[in-house]
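# Architecture at a glance
Each chain is listed here by its residues.
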Amino acid sequence: MTSFYQLRAGLLRPRIVLFWLVVTFVASCYLPIAHDSAYAQTTPPIRDLTIGTSGQGRPINAVQFGDGPLKLVIVGDTHGGPEFATYNLANELIAHFRANPQEVPANLRLYIIPTLNPDGLALGMRFNANYVDLNRNMNTFLDSCSDNDWSTTVQGAYGLVSDTGGPYPDSEVESRVIRNFLLDASGAIFLHNNAGLVFPAYCEHAPSNLMAQIYAEAANYIYARYWPNYMITGSMADWASAFGITSITPELVSDVDSEFEQNLAGIRAVMAASETLLFPPAGESVAGFELPPEIWRFWKAYGGEAVFGLPLEEAQISPNGARQRFTNVVLELDYSAADTPDLVRPLDLGRKVTAAQEFAPADPASSPLYFEQTGHSLREAFLYYWQRIDGERVLGLPISEEFWTRSADGQMRIVQYFERGALAYYPEFEASGQAVKLEPLGALDLQLDLVQAAWSSHQVR
Ligand SMILES: [Zn+2]
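Treat the numbers as computed from the prediction; the structure is a model and nothing was measured.

Reading guide: rules and limits
- Residues numbered from 1 in each chain as written.
- Predicted model: local features only at pLDDT ≥ 70, side-chain atom pairs only at ≥ 80, totals over all residues.
- Helix = DSSP H or I, 4+ residues; strand = E, 2+ residues; numbered from the N terminus.
- Contact = placed C-beta atoms within 7 Å.
- Pairing = 2+ DSSP bridges.
- Axes fitted to C-alpha atoms, helices over the stretch in contact; angles between N-to-C directions.
- Parallel < 35°, antiparallel > 145°, perpendicular 65-115°, else oblique.
- Left-handed = near helix turned anticlockwise from the far one by under 90°.
- Nonpolar A, V, L, I, M, F, W, Y, C, P; charged D, E, K, R; others polar.
- pLDDT = per-residue confidence, 0-100.

### Side note on the overall build of the protein chain
Regarding its fold elements, the protein chain presents 15 helices and 23 strands. A separation threshold of at least 6 residues defines the contact pool for the protein chain, and within that pool the share at least 24 residues apart is 65%.

### Points about the pairing of strand 20 (residues 403–406)
Along any regular strand, the residues point their side chains to alternate faces of the sheet. As defined by bridge partners, strand 20 adjoins strand 21 (residues 412–417) across four bridges and the pair is classed as antiparallel. Across the sheet, residue Trp 404 finds its bridge partner in strand 21, namely Ile 414. In sequence, strand 20 turns back onto strand 21 through a hairpin of five residues, with Gly 410 there showing a positive phi of about 90°.

### Re the sheet that holds strand 20
One open sheet holds the four strands; their spatial order is 20-21-22-23, and the pairing between them is antiparallel. Sheet topology places strand 20 and strand 23 (436–438) at the edges, where each strand pairs with a single neighbour. Ignoring which end each strand starts from, the neighbouring axes of this sheet average 40° apart. Inspection of the sheet shows strand 21 paired to strand 22 (residues 422–425) by three bridges, in the antiparallel sense. When the sheet's bridge partners are listed, Val 415 is paired in strand 22 with Ala 424.

### A look at the packing of helix 6 (residues 206–219) against helix 8 (residues 260–272)
Between helix 6 and helix 8, whose axes approach to 7 Å, the crossing angle comes to 140°. Viewed along their axes, helix 6 and helix 8 adopt a mutual orientation that is oblique. Along this stretch, helix 6 crosses helix 8, giving a crossing that reads as right-handed. Of the residues in helix 8, those touching helix 6 at Met 211, Ile 214, Tyr 215, Ala 218 and Ala 219 are Gln 262, Asn 263, Ala 265, Gly 266, Arg 268, Ala 269 and Val 270. Looking at the contact of helix 6 with helix 8 residue by residue, the class counts come to eight nonpolar, three polar and one charged.

### Re the sheet that holds strand 17 (residues 344–346)
Where strands meet in a sheet, backbone hydrogen bonds hold them as pairs that are either parallel or antiparallel. Reading across from one edge, 14-15-16-17 is the order of the four strands in this open sheet, with antiparallel pairing throughout. Looking at which strands have only one partner, the edges of the open sheet turn out to be strand 14 (316–318) and strand 17. The average angle at which neighbouring strand axes cross in this sheet is 15°, direction not considered. In this sheet, strand 16 (residues 330–334) lies alongside strand 15 (residues 321–325) in antiparallel orientation, the contact comprising five bridges. Looking across to strand 16, one finds that Ala 322 is bridged to Leu 333. Helix 10 (residues 293–301) rests against strand 15, strand 16 and strand 17 of the sheet, and its axis sits at about 130° to strand 16.

### A short note on the confidence of the model for the protein chain
Across the protein chain, the average pLDDT comes to 91, with 90% of residues at or above 70. Note on residues 1–40: pLDDT is under 50 here. Beyond four places in sequence and across chains, it has three contacts.

Right, here's the structure in full:
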């Protein structure tokens, strides 16, 4: 092809030069606009967001750089006051990428969370306000290793043994914030101090091993395949790897200095190798049906078959997300709710199924836990179960009190309806601790839909 330079070298005549001057002048009038739009295309956006609230009501914030398809999350301070150096580091990284957002490659969206434990940071302690170690509270029963399974009794700093794993896995609001925020993540870096090494998830996960090696080499820390000092149970990196999230734990050398340059080098090396380290979230086949990635992660993270039952249909995919029916719920994936707790949420099946029913409100004075929003309450076995499964997210608030009715299996049982589902009590399973179960509202709703469809097609004829 004949280039502009060849034209300029030999073929330019005065008239063409004049023409070119005019073109250049006209173009220069529009140049600011043209320049701005080119800038917008090449400079990644920066967004400040609040991703949750701590037990004592402090905001948990994040800053997003770029909007590429792969989500990489850097978690600063998890261990509160004693690890404030990681909080400082995260804030220095945020300042750096605010000034240099173009360093984030186009295939990434990078999130930096200064602290996941603002209460522990404010109170000057390792734990959250409930005295739970947040890096021992995650449900690591979900990965394929058992040595690292969640336990109330844990080894913490310096191997000190204490009952700080929490009353049950994912019991803490801060654990639930990061669990939800990682539902669509490809990679996670959990900053700690002060051992001066970098280690990957405990279960074998090749991309995590590689990420730890790359980070350690660039940051001049020691790579360790395993945390050498004791077994860590219920850790965030181990939880994340169970979902295919490439995850590592860098430990600063110092408990005072942020070691900014070293860690920036580590993060730059990870970003440069992102094509080989990070992968889009993958779906999974369950009971013969394909679960979209985020729906699969939600289903697995929030209790799997025991809570939701199995899928009953293929997912309905739409440009904005997906919707899939399970025995007990219908799960909706909504991309427009990305980075909020509502990315995946159960639909309001409880309200739908009880639309024709009236429930007398509860008496607040005699209710262990009363919700003004719905005028209903929770007590005893249903309250206990609701808290354990993150009931506010999974079932919503109660919209009835407990009452005796014929449950889905035809037996008279105690049942209670919630916005998104229903609970029933099975005394025959008391011994195995499985007495409370969700009612199969997904299956029931499917039957109602089929009956309705049959009825309307009958009427048309
Ligand atoms: Zn730590």
